[in-house]
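# Remarks on the overall topology
In case you want the letters, here they are:
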Amino acid sequence: MFAKLDIQTGSSWTVTLSHELFEMLADPWINWCAMGSDSKIYALEVCDAVEADALGYEINGVLVSDFITPAWYEPNCADRLDYKQHVSKQLELARGGYISVLDPMSGWTQIDANGDRGPRIVPGSRRQRRKLIRPAWRMSTR
């Protein structure tokens with residue numbers, strides 16, 4: 001379904017596919033978090049901070065999503081914060097990027113590169129499912 005929507009909106013379905021694959025590899029159950037160097041709790045969404053199609057890169061002619069490294073969350077010996085080096089400091093969001101942050105008072109919120117609320121949460125998306133408490137999870141029918 002996402003591929004059809006991407007094609008209709010002029011977005012790259014290969015970036016979306018690789019984005020979701022990278023995030024499934026990093027957090028297969030959509031329940032891992034990382035403590036940022038600012039002591040806030042961030043969803044382990046490894047592509048959201050560098051989300052935009054324009055930030056992707058090609059592998060054998062196929063456009064794929066950029067992704068952040070563990071150094072994005074906290075200092076370590078890595079030589080980069082994201083693979084294509086679009087961000088220059090920890091917890092920075094590239095233009096078009098966003099991230100989910102846990103607010104102890106209101107639950108999960110999203111911020112974008114401007115510090116505003118992030119993109120609309122689409123029903124059925126990973127972002128929407130992340131907001132569900134475990135008892136509300138449903139088993140797949142496939």
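An account of the accompanying structure is given in this report. Just so you know, these numbers come straight off a predicted model, no measurement behind them.

Attention now goes to the nonpolar core. Counting 20 residues, the largest nonpolar core has Y42, I68, W72 and Y73 as its most contacted members. When near neighbours in sequence (up to four residues on either side) are disregarded, W72 contacts Y42, A49, L81, V87, Q90, L91, E92, L93 and I99.

Residue S39 is not a glycine yet carries a positive backbone phi of 70°. You can see S39 is positioned in the loop between β1 (33-35) and β2 (41-43). Residue class for S39 comes out exposed when judged on its relative accessible area of 58%. Even without being glycine, N60 reaches a positive phi, approximately 50°. Classification of N60 as exposed rests on a relative accessible area of 80%.

You can see P70 is positioned in the loop between β4 (62-64) and β5 (98-103). Considering only alpha carbons, one finds P70 and R80, 10 residues apart in sequence, at a separation of 9.4 Å.

Attention shifts here to the side chain of T14. By the element assignment, T14 lies in helix α2 (residues 13-26). Judged by relative accessible area, which is 18%, T14 ranks as buried. Of note is the side chain of T14, whose polar atom sits 2.9 Å from the side chain of S12.

Throughout the structure, instances matching the rule amount to 1 salt bridge. Of the charged contacts, one joins R80 and D79 as a salt bridge, the two residues approaching to 3.4 Å between their closest N and O atoms. Overall, R80 belongs to the partly exposed group, its relative accessible area being 27%. Accessibility expressed as a relative area gives 61% for D79, which makes it exposed.

Below, the discussion takes up the sheet that holds β5. The 4 strands lie next to each other as β1-β2-β5-β6, forming an open sheet whose pairing is antiparallel. Two strands in the sheet have a free side with no partner beyond their single neighbour: β1 and β6 (107-112). Each strand of the sheet is rotated relative to its neighbour by a mean of 35°, with strand direction disregarded. One ladder, built from 3 bridges, connects β1 with β2; its direction is antiparallel. Bridging from a neighbouring strand, A34 pairs with Y42 of β2.

For the rest of this paragraph, the subject is a nonpolar patch on the surface. On the surface, I7, W13, L17, L21 and M24 cluster together to form a nonpolar patch covering roughly 470 Å² of accessible area. Take the nonpolar patch: its biggest share by element is 4 residues, from α2. Structurally, the position occupied by W13 is in helix α2. Residue W13 is classed as partly exposed on the basis of its relative accessible area of 40%.

Procedures and definitions
- Residues numbered from 1 in each chain as written.
- Predicted model: local features only at pLDDT ≥ 70, side-chain atom pairs only at ≥ 80, totals over all residues.
- Heavy atoms only, no water.
- Core = buried A, V, L, I, M, F, W, Y, C linked by side-chain atoms within 4.5 Å.
- Buried < 20%, exposed > 50% of the residue type's maximum accessible area, 1.4 Å probe, protein only.
- Contact = heavy atoms within 4.5 Å.
- Helix = DSSP H or I, 4+ residues; strand = E, 2+ residues; numbered from the N terminus.
- Polar contact = N/O pair within 3.5 Å; in protein donor to acceptor, adjacent residues only side chain to side chain.
- Salt bridge = Lys/Arg side-chain N within 4 Å of Asp/Glu carboxyl O.
- Pairing = 2+ DSSP bridges.
- Axes fitted to C-alpha atoms, helices over the stretch in contact; angles between N-to-C directions.
- Patch = residues over 30% accessible without salt bridge, like charges linked within 9 Å, V, L, I, M, F, W, Y side chains within 5 Å.
- Areas by Shrake-Rupley, 256 points an atom, 1.4 Å probe, with all protein chains shown as cover.

All quantities given are derived from atomic positions and should not be read as evidence of function.
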